[in-house]
Amino acid sequence: MRLRYLSNAIRKTMKTKSRDEIELSNWIADYDWDVFGTLTFNKRQLHLTIKDALDESVKTALVEKRFRGLMGYEKIKEEIELNELKRYWNTLDKGYFGNDADRKNFRIQRFNLIHMGNIKGKQRKRGTHTHIHFAALSPTKNIDSFIHKLQLCWDKNSELSGLSEFRDVYDKNNLSNYLTHEFRNLGNDTIETNTTVLHTRQ
């Protein structure tokens, strides 16, 4: 995202911000983030993966004759996307910290938010195009190297990876406002708590 685009998006939405959204934005801005990232999923490959999982769950339900709790397409989609995001960050954590990522809980500090987009022409109608925006603290002083590894890990280690973008953070207030702009549609569900890691306030 270009900073000009971020600034324009923020100006257009400031008047409709809720108190909770502003508080979340201010809280995120308290951290000195190094990198802003966007992760998207390959729609075709994601659909095929969901279809396979759905078919398998139906087969299992037929064999076991248990249909209660059988997950539908959207629920399986959410589960697969979350597992892919977990795998992504776990790979990066182990790449930087080795076994200490598990033994001592050494992790890259990051804040992940889920965005769904809006259905065209409907301001507050939730979309279905899941993408992840995140802010992260570089585990090394070489931010360019960190960005390169973020990109490489998503492109090479994820079978479901779509387009992605990673940039230095120049204005954390603009960043935090942009990260939280779907709070009005998703509420607290925009915060991806399973993969967010914040050990200390910077």
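1. Some thoughts on the overall build of the protein
For the protein, the count of helices and strands is 8 helices and 4 strands. Reading the protein from its N end, one meets helices and strands in the order α-α-β-α-α-α-β-β-α-β-α-α. In the protein, which comprises 202 residues, the share counted as buried stands at 41%. By element, 49% of the accessible surface of the protein is carried by carbon and sulfur atoms, the whole surface being about 12,200 Å².

2. Observations regarding the side chain of Thr195
As for its position among the elements, Thr195 is in the segment after helix H8 (183-186). Within polar-contact distance, the side chain of Thr195 engages the side chain of Asn112 at 3.0 Å. Ignoring any residue separated from it by four or fewer positions in sequence, one finds Thr195 in contact with Leu82, Leu85, Lys86, Trp89, Arg110 and Asn112.

3. What to know about the packing of helix H2 (residues 19-29) against helix H7 (residues 172-179)
At a closest axis distance of 8 Å, the pairing of H2 and H7 adopts a crossing angle of 140°. Taken together, the axes of H2 and H7 lie oblique to each other. Crossing of H2 over H7 shows right-handed handedness. Counting all contacts with H2, which are made through Ser25, Ile28 and Ala29, the residues of H7 involved are Lys172, Asn173, Ser176, Asn177 and Leu179. Residue composition of the contact of H2 with H7, grouped by class: 3 nonpolar, 4 polar and 1 charged.

4. Quick word on the nonpolar core
Leu39, Tyr88, Trp89, Leu92, Phe134, Leu150 and Phe166 are the most contacted members of the largest nonpolar core, which totals 25 residues. For this core, the elements supplying multiple residues, two or more each, are strand S1 (35-41), helix H3 (43-64), helix H4 (73-97), strand S3 (131-136) and helix H6 (143-157). No other element matches the 6 residues that H4 contributes to this core. Residues contacting Trp89, with those up to four places away along its chain left out, are Ile108, Arg110, Asn112, Phe134, Ala136, Leu150 and Thr195.

The rules behind the values
- As a convention, each chain's residues are numbered from 1 in the sequence order in which they are written.
- At least 70 in pLDDT is required for a residue's local features to be given in this predicted model, at least 80 for side-chain atom pairs to be given and counted, and no such filter applies to totals for whole chains, interfaces and linings, which use all residues.
- Water and hydrogen atoms were dropped before computing side-chain values, which therefore reflect all heavy atoms in the structure.
- A run of H or I in DSSP becomes a helix once it reaches four residues, and a run of E becomes a strand once it reaches two; helices and strands are each numbered from the N terminus.
- The cut-offs for exposure are 20% and 50% of the maximum accessible area for each residue type, with area from a 1.4 Å probe on protein chains only; residues under the lower value are buried, those over the upper are exposed, and the others partly exposed.
- In this description, accessible areas are obtained by the Shrake-Rupley approach with a 1.4 Å probe, and a residue is regarded as covered only by the protein chains that are shown.
- Whenever two N or O atoms come within 3.5 Å, that pair is a polar contact, provided that in protein one can donate a hydrogen and the other can accept it, and provided that, for residues adjacent in sequence, both atoms are side-chain atoms.
- We call two residues contacting when some pair of their heavy atoms lies within 4.5 Å.
- A fitted line through C-alpha atoms serves as each axis, taken over the contacting stretch for helices, and the angle formed by two N-to-C directions is quoted from 0 to 180°.
- Angle categories are assigned with fixed cut-offs, so that under 35 degrees is roughly parallel, over 145 is roughly antiparallel, 65 to 115 is roughly perpendicular, and the rest are oblique.
- Helix crossings get a hand from a simple test, with the near helix turned counterclockwise from the far one by less than a right angle marking a left-handed crossing and a clockwise turn marking a right-handed one.
- When residue character is reported, Ala, Val, Leu, Ile, Met, Phe, Trp, Tyr, Cys and Pro are called nonpolar, Asp, Glu, Lys and Arg charged, and the others, Gly included, polar.
- By nonpolar core is meant a set of buried Ala, Val, Leu, Ile, Met, Phe, Trp, Tyr and Cys residues that side-chain atoms within 4.5 Å join together.

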